[in-house]
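Secondary and tertiary structure notes
Now for the letters of each chain:
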Amino acid sequence: PWLARPETVRLFEALSGETGATRAVGGAVRDALLGLPVSDVDFATTIVPEKVIARARKAGLKAIPTGIAHGTVTVVVDGVSFEVTTLRHDVETFGRHATVAFTEDWAEDAARRDFTLNALYAGMDGTLFDPLGGYPDLVAGRIRFIGDPASRIKEDYLRILRFFRFNAWYGRGPFDAAGLSACVRARAGMRRLSAERVASEVKRLLVAPRAAEAMSVLFDHGLICDILGGVPRLTRFARLIGIEDALDRQPSAILRLAALAVFVPEDAKRLARRFKLSNAEQAQLALGGVPFDEALPDEAAAKRKLYALGPDAYTARVMLAWATGDAPVTDPDWHRAATLAARWEAPVFPLRGTDIAALGKFSGPEIGAMLREAEQRWIDGGFAEDREGLLALARELAGVP
Ligand code: ATP
Ligand code: MG
């Protein structure tokens, strides 16, 4: 069905003057073959970029030369953007900054890609083109480098992380031995990678279904410290994944990172710098520093916590506390605490500064202090007091009859 989407069909029609000139490639083909949802579709074509632009425009589509040096044109069809890249082969490789030349040979284009399962192409009619045996590898859950792993890694050390990322997403059984040992031997090269590229791969690795296995393989081979710069907490990481499952929650890269690598505030700061996290992400990461003995909150304590932190931070914090301790991931009491935000909405404190000011006894900072005092009593009383009761309390505190 992804090939039959109207936008995809329009793109194919605009760019297939000669039969088979344009094919979908990479992640979309791979995911479709696995029956997974397909989001963005990339295209490969034998048509040179200038002609891609001309043909797209002739068909009434917007075409933007977004990466013309690499032969990439972005074509927009009914608001959906597609990257269309002319077939190329690497002439001289230096990282991803290889000097490229265009070609009409599909097998050459396939050979410069990273893993066999990423070198799959699909024609407009759904015909699979698999020059390197990627399909059997995909079915077997085998992540295999194209060509000699060591030399492919030397061209771009990010492929080490991609090896783990694709294993965590699509792998089954043990990791390909030749690929793994080449990654381990070349690990020092990762230091040359930019923080952005590493962070983006690691975030995608963190949310993979088999992230826990991939992390323990990284750990067993001494690679994880190179990436996170600290001592990982593999058990807590695996437990958090189990808890997400038990709660039926979508994985969050930052929460998983917090579980894996944050012991103390310094860890969170260092990782935030390394991965250039946003302020919101930093705040979430810092939640990982829960004390090892943080107890299961009873209902009243849980409500106070939820009121103070807000639903998202509260839930993240409880999940991390649960993962930090050793209660089973099936524990019904922790489950209840972790799902409180879905059952209970924190009330809004019913008094305002103007209510205190109206008592005529206080001004400025005193009003704030009074308000906080009243709010604290309201919280301690289980949020039970209503506005009338709180006004009476304020009068009492102020000594007003
Ligand atoms: P995803 O679903 O994660 O986007 P993808 O396979 O589309 O998966 P991208 O990173 O979007 O991954 O890259 C698109 C394609 O470009 C890949 O399928 C692969 O063929 C090729 N590619 C991307 N990065 C590299 C790399 N570092 N080295 C070699 N080939 C790469
Ligand atoms: Mg992609």
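These remarks concern the structure in this document. Everything numeric here is computed off the predicted structure, so don't read it as measured data.

What follows deals with helix α12 (residues 234–247). With 14 residues, α12 should cover 20 Å at 1.5 Å per step; its first-to-last C-alpha distance of 20 Å lies within 8% of that length. Every buried residue of α12 is accounted for by R236, F237, R239, L240, I241, I243, E244 and L247. If you follow the buried residues of α12, they end up packed against α9 (195–206), α10 (211–220), α13 (253–261), α17 (311–324) and α18 (332–338). Looking one or two residues past α12, D248 carries a phi angle of roughly 60°, positive in sign.

What follows deals with the state of the cysteines. Counted by the stated rule, this structure contains zero disulfides. Distance from the sulfur of C183, which forms no disulfide, to the nearest cysteine sulfur (C225) is 17 Å. Given the relative accessible area of 37%, C225 is considered partly exposed.

Glancing now at unusual backbone geometry. With a phi angle near 60°, D248 is a residue other than glycine that sits in the positive phi range. For D248, the location among the structural elements is in the loop between α12 and α13. Using a relative accessible area of 72% as the deciding quantity, one classes D248 as exposed. At K276, a position not held by glycine, the phi torsion is positive, near 50°. With respect to the element layout, K276 can be found in the loop between α14 (265–274) and α15 (279–286). For K276, a relative accessible area of 53% translates into the label exposed.

Surrounding ligand 1, one finds 13 residues, the nearest of these being R30, D156, R159, R165 and R204. In the environment of ligand 1, an oxygen atom lies 3.4 Å from a nitrogen or oxygen atom belonging to the backbone of G27. Within the contact set of ligand 1, an oxygen atom lies 2.6 Å away from a side-chain nitrogen or oxygen of R165. When ligand 1 is considered free in solution it has 580 Å² of accessible area, and contact with the protein chains removes 80% of it. At the level of secondary structure, the elements contributing two or more residues to the shell around ligand 1 comprise α2 (27–33) and α7 (158–170). For the shell around ligand 1, the element with the most residues is α7, which contributes three residues. Grouping the amino acids of the shell around ligand 1 by side-chain chemistry returns no nonpolar, three polar and ten charged.

With that out of the way, let us pick up the packing of aromatic side chains. Centre distance and the angle of the planes are the two values used to describe a pair of aromatic rings. A full pass over the atoms with the stated rule returns 20 aromatic pairs. For the pair W169 and Y170, a centre-to-centre distance of 6.5 Å together with 40° between the ring planes defines the contact as tilted. The class for W169 is partly exposed, based on a relative accessible area of 35%. Taken together, the ring pairs connect F115, F145, F163, F164, F166, W169, Y170 and F175 into an aromatic cluster. Above the ring of W106, the side-chain terminus of R23 is found at 4.3 Å from the ring centroid.

So, how was this worked out
- All residue numbers refer to position in the chain's written sequence, counted from 1.
- By the order in which they are written, chains take letters starting at A while ligands take numbers starting at 1.
- Local features in this predicted model are restricted to residues whose pLDDT is 70 or higher, and side-chain atom pairs enter the listing and the counts only when it is 80 or higher, whereas totals over whole chains, interfaces and linings include all residues.
- Note that water and hydrogens are dropped before the side-chain values are worked out from all heavy atoms of the structure.
- Under the scheme used here, helices are H or I runs from DSSP no shorter than 4 residues and strands are E runs no shorter than 2 residues, and both carry numbers assigned from the N terminus.
- The span you would expect from a helix comes to 1.5 Å times its residue count less one.
- Each residue is assigned to one of three classes by its accessible area relative to the maximum for its type, calculated with a 1.4 Å probe on protein chains only: buried under 20%, partly exposed between the two thresholds, exposed over 50%.
- Residue contacts are counted whenever heavy atoms from the two residues lie within 4.5 Å of one another.
- The disulfide definition used here is simple: a pair of cysteine sulfur atoms within 2.5 Å.
- The criterion for a residue being near a molecule or strand is simple. One of its heavy atoms has to lie within 4 Å of it.
- By the criterion applied in these results, polar contacts are pairs of N or O atoms within 3.5 Å in which, for protein atoms, one can donate a hydrogen and the other can accept it, and in which residues neighboring in sequence qualify only through two side-chain atoms.
- Note on areas: these come from Shrake-Rupley sampling with a 1.4 Å probe, and a residue is covered only by the protein chains present in the view.
- Amino acid classes used here: Ala, Val, Leu, Ile, Met, Phe, Trp, Tyr, Cys and Pro are nonpolar; Asp, Glu, Lys and Arg are charged; the rest, including Gly, are polar.
- The pairing test for Phe, Tyr and Trp rings, Trp by its six-membered ring, is centres within 6.5 Å, and the orientation test on the planes gives stacked under 30 degrees, edge-to-face over 60, and tilted for anything in between.
- Two conditions define a charge located above a ring, namely a distance within 6 Å from the ring centre to NZ of Lys or CZ of Arg, and an angle within 35 degrees of the ring normal.

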